[in-house]
Amino acid sequence: MDSISIRGGVALQGVVRIQGSKNAALPVLAATLLTEGISHIANCPRIVDVYNMISLLESLGCEARFVADGLSINPCSIRCGAMPSDAVTGMRSSLCLLGALLGSCGEVVMEHPGGCVIGQRPINLHLDALKSMGVDFEEKDGRLVGRTDRLRGADINLAIASVGATENIILAAVAAQGRTMIMNAAREPEIEALCDYLRRCGADIEGDGTSRIIIHGGCRLSGADYSIPADRIVAGTYLFACIATGGNVFLKDAPCGQMRAVLLLAERMGSHIDLSDSGIYVQSRLRPVIPSSLTTAPYPGFPTDLQSAALAAMLRGDGSCIIEENIFENRFRVVEPFRQMGADIEFLSSTSVKVRGVPELEAADVSACELRGGAALIIGGLQAHGESRISGCSYIYRGYENICRDLRELGARITIV
Ligand code: EPZ
């Protein structure tokens, strides 16, 4: 179950539907803790991180269940207090419960969410911002304990446009007394999705999607119906899989408006892109052109989460590219496995590599060690001659509902083993 077998060499063809966004769904699910009523969250992706979040919400007293087309959540009887440590430690995305629990209960006891293979993942910006809103934090038995008698609005200038910190501030601010202004806020679409949901519940928020967000707190929040937008990272993953194999694919429901930097790169790689209301049609060259450089940046720049997939699509391209990773300090764990497949990749520094296209890749047995790198290894296997085996696929299932089914529907010879 934890391994995937791929026999490469097939150009992907056909239509694939893009799932709901993991990184939009998680903060929206956390935000239900701030409401007094049932919410129906449609298009919620059925992925491991969402199931983990649901079990955390249930451990706090929420009732949550998947119904026909989505997730119904009733935060009727929240039990404020510690979350099960095993659930929190293993999942970064529970961090957005910090602001939601402080907003709903005035307290939070949780394990430090910890770093992961892509980086240390510090939370100083989250804690500093929440302290300025009246929260006291202390370490107790290795756990993080936060308490506040009264959340108050504050003006917060983020040193880094952190997605998670922006989300936690918003979640606390809607419950705080007074106005909160976030400067240098993250502009990712997931921030807008969270604010769209909260506004439907009755929150007073403006400026999301820009670097200055203003929240007038203290409104009573009802439940709401909300549909999670499509996942721009999953759409980008399949787009680069299409480019890597010289295929033609329609990415149904792909959020075109959120993928400008990604689509620009696809065109620089020689693909023809057609946009429509219902998705993105990608027609790729047999062999992609490699652009001279690629740099990751906060939205609307090129997303760090697609850096490994873009690298994978360049492995057999024409030319060479210098890739700079500016968001996380350790996001080139795929280089070694790609070298095992015959790729030509040279480290220029710990956060930049030079990739030169090679004519062919050979199958290899490799191991995923994180979510987006694991998906990129699959793209490598789709191109390689022979049968590749990729282990550690439980990382991939954290963010992709059914990557094997999706790629098989596009003609890939891929099976779970
Ligand atoms: C979110 O992580 C996403 N995760 C990540 O997606 C995504 O890569 C990242 O944003 C950047 O877009 C979820 O939404 C669940 P950050 P987050 O805070 O919020 C530093 C995936 O594969 N920083 O914007 O943790 C941090 O170290 C995941 O779906 C601090 O220094 O990212 C990083 O260098 C991977 N102090 C930079 O800011 C802090 O207090 C950006 O991190 C917080 C962050």
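In case you missed it, the structure is sitting above this.
Anyway, here's the lowdown on the structure attached to this text. Remember, predicted model here, so these are calculated numbers, not experimental data. Throughout, residues of each chain are indexed from 1 in the direction in which the sequence is written. Under the rules for a predicted model, residues below a pLDDT of 70 receive no local features and side-chain atom pairs below 80 are neither given nor counted, while totals for whole chains, interfaces and linings still include all residues. Side-chain calculation: all heavy atoms of the structure are included, whereas hydrogens and water are not.

### Examining the nonpolar core
Now for step 1: Buried Ala, Val, Leu, Ile, Met, Phe, Trp, Tyr and Cys residues that are joined via side-chain atoms within 4.5 Å together make up what is termed a nonpolar core. Only protein chains enter the area calculation, which uses a 1.4 Å probe; residues under 20% of their type maximum are buried, those over 50% are exposed, and those in between are partly exposed. Of all hydrophobic cores here, the largest spans 76 residues; its most connected members are Leu239, Phe240, Leu251, Phe338, Ile378 and Leu407.
Now for step 2: What makes two residues a contact is simply this: any of their non-hydrogen atoms within 4.5 Å. Setting aside residues up to four positions removed in sequence, Leu251 forms contacts with Val16, Ile18, Ala235, Tyr238, Leu239, Ser278, Gly279, Ile280 and Val282.
Now for step 3: Grouped together as the second largest cluster of nonpolar side chains are 70 residues, Leu56, Ile123, Val135 and Ile228 included.

### With respect to helix α7 (residues 189–201)
Now for step 1: A rise of 1.5 Å per residue sets the reference length of α7, with its 13 residues, at 18 Å; its end C-alpha atoms lie 19 Å apart and thus fit the reference within 8%.
Now for step 2: Counting from the N terminus, the helices are DSSP H or I runs at least four residues long and the strands are E runs at least two residues long. Those residues of α7 lying buried are Pro189, Glu190, Ile191, Ala193, Leu194, Cys195, Tyr197, Leu198 and Cys201.
Now for step 3: Looking one or two residues past α7, Gly202 carries a phi angle of roughly 115°, positive in sign. Helices are assigned an expected span. That span is 1.5 Å times one less than the residue count.

### Thoughts on the environment of Ala31
Now for step 1: Tracing the backbone through its elements, the reader meets Ala31 in helix α1 (residues 22–31).
Now for step 2: Separated by 365 residues in the primary sequence, Ala31 and Ile396 have C-alpha atoms spaced 25 Å apart.
Now for step 3: Apart from the residues within four sequence positions on either side, Ala31 is in contact with Leu171, Leu194, Tyr197 and Leu198.

### With respect to empty space enclosed by the protein
Now for step 1: The distinction between a cavity and a pocket rests on a 1 Å grid over the protein atoms alone: a 1.4 Å probe fits inside a cavity but cannot get out, while a pocket stays open yet meets protein on both sides within 12 Å along at least five of seven lines, and a residue with an atom within 4 Å of a point counts as lining. Grid points are joined across faces, edges and corners, and a volume is the space filled by probe spheres set on the points. Counting across every chain of the model gives one cavity of 30 Å³ or more.
Now for step 2: Looking at the largest cavity, its volume works out to about 30 Å³.
Now for step 3: Class assignment for the residues of the lining of the largest cavity results in four nonpolar, two polar and three charged. Amino acid classes used here: Ala, Val, Leu, Ile, Met, Phe, Trp, Tyr, Cys and Pro are nonpolar; Asp, Glu, Lys and Arg are charged; the rest, including Gly, are polar.

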